[in-house]
Amino acid sequence: MTEHETQPTAERDQAHKETREDQPQHAVQEDGAQVGTGIETAGVPDAAIPELVIISGMSGAGRSTAAKCLEDLGWFVVDNLPPALIPTMVELGARSQGNVARIAVVVDVRGRRFFDNLRESLADLEAKHVTRRIVFLESSDEALVRRFESVRRPHPLQGDGRIVDGIAAERELLRELRGDADLVIDTSSLNVHELRAKMDAQFAGEEEPELRATVMSFGFKYGLPVDADLVADMRFLPNPHWVPELRPYTGLNEEVAAYVFNQPGAKEFLDRYAELLRLVAAGYRREGKRYVTIAIGCTGGKHRSVAMSEKLAARLAAEGVETVVVHRDMGRE
């Protein structure tokens, strides 16, 4: 007789019970694989459980655009996450100590078992009192056909049939999910900017969506930055390179910066360009653009462009724009 068999029956039963309670609960899929579905938030305050948005809808209706919009608003976005793993994602967010407060999950329902897993996960989330919303992207058959034909790609469910056959199959498969959606957006007549505006209106709250700026100094002799949205040329100012005592230094040096801004037109340029950027920034926000790269160039990217970039970035930051400064070519010579 083994040591385990000599234990009293009551003690063995209690040990088995504690062992089972210590183990995470699992759901078994039809293929036998186990996927965690319980949200183990013991010891985690309810306030730490992240807000959840599930983005779904018709293929070609704008799911990726909606997801990108939420990402720009600061949501943690996961694309094509298997539905059975959604509760696990929420659990990880709950244990992030507030670092992941809002999660958006894009789900692509293409099969019956996939849909059943999603339904089970939603029921589990509801039982755990997790705040969740479903955003469903809808569009007319005509608009979807036009979009698929414009990119010359088949519908994921059309198989050997036509695009309209795939659309019909997907619409039938998603009928129940559409009925459960908290927000349905018909994108039939919307462009990308209009869809982003609708998402902003729903999820940005009362605050205006934030614009982030990168101010980059560069040297024209090394080529234009390929990611620049706006380019300004500082070569209209005298070059400190030709002042022997300033040549070894960069635009980060106080003496170099003073030399640059004592030149005619330097301060005026800073004031007027900052004013122009305020106008451009307001338009970017209206059009749903959240990131802008402002390139400031001079001959070598060492003196004038560096000094101007620093001043311009400080001006933007003072006006509430989240700003990063990058000196691409400084030290390259």
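Residues numbered from 1 in each chain as written. Predicted model: local features only at pLDDT ≥ 70, side-chain atom pairs only at ≥ 80, totals over all residues. Heavy atoms only, no water.

Peer 1: Explain the nonpolar core residue by residue, including any values.
Peer 2: Ranked by internal contacts, the top residues of the largest apolar core, which has 47 residues, are Leu-70, Ile-86, Met-199 and Phe-203. Sequence-distant contacts of Met-199, defined by excluding residues within four places in its chain, comprise Ala-66, Cys-69, Leu-70, Val-135, Ile-185 and Ala-204. Of all hydrophobic cores here, the second largest spans 30 residues; its members include Val-215, Leu-270, Tyr-284 and Val-321. (Core = buried A, V, L, I, M, F, W, Y, C linked by side-chain atoms within 4.5 Å. Buried < 20%, exposed > 50% of the residue type's maximum accessible area, 1.4 Å probe, protein only. Contact = heavy atoms within 4.5 Å.)

Peer 1: Give me helix H10 (residues 266-286): which residues, what numbers.
Peer 2: The terminal C-alpha atoms of H10, which comprises 21 residues, lie 30 Å apart, in line with the 30 Å expected from a rise of 1.5 Å per residue. Looking at H10, one finds that the buried residues are Ala-266, Phe-269, Leu-270, Tyr-273, Ala-274, Leu-277, Ala-281, Gly-283 and Tyr-284. Elements in contact with the buried residues of H10: strand E9 (230-233), helix H9 (254-261), strand E10 (291-298) and helix H11 (304-318). (Helix = DSSP H or I, 4+ residues; strand = E, 2+ residues; numbered from the N terminus. Expected span 1.5 Å × (residues − 1).)

Peer 1: A description of the pairing of strand E6 (residues 132-138) should follow, citing residues and the corresponding values.
Peer 2: Judged by how many residues are buried, E6 sits mostly within the fold: 5 of 7 residues are covered. Relative to E6, strand E3 (residues 51-57) runs parallel, the two sharing 6 bridges. For Gly-57, the partnering residue across the bridge sits in E6 and is Leu-137. (Pairing = 2+ DSSP bridges.)

Peer 1: So what's going on with the pairing of strand E5 (residues 102-106)? Residues and values would help.
Peer 2: The element E5 is largely enclosed, with a buried count of 4 among its 5 residues. Relative to E5, E3 runs parallel, the two sharing 5 bridges. If you follow Val-53 over to E5, its bridge partner there is Ala-104. Relative to E5, strand E4 (residues 76-79) is paired through 4 bridges, and the arrangement is parallel. The partner of Val-78 across the bridge, within E5, is Val-105. Of the crossover connections in this fold, the one passing from E4 over helix H3 (residues 86-94) to the parallel E5 is right-handed. (Right-handed = clockwise from strand over helix to strand, strands pointing away.)

Peer 1: Outline the packing of aromatic side chains, supporting the account with residue identities and numerical values.
Peer 2: Scanning the model with the defined rule gives 4 aromatic pairs in all. Ring centres of Trp-75 and Phe-203 lie 5.8 Å apart, and the angle between their planes is 85 degrees; this geometry places the pair in the edge-to-face category. Of this pair, Trp-75 sits in the loop between helix H2 (63-72) and E4 while Phe-203 sits in helix H8 (residues 192-203), placing them 128 residues apart in sequence. One aromatic cluster is present, formed by Phe-236, Phe-269 and Tyr-273 through successive ring pairs. Seen from the ring of Phe-261, Lys-311 lies directly overhead, with NZ or CZ sitting 5.7 Å from the centre. (Phe/Tyr/Trp six-rings, centres within 6.5 Å; stacked < 30°, edge-to-face > 60°. Lys NZ or Arg CZ within 6 Å of the ring centre and 35° of its normal.)

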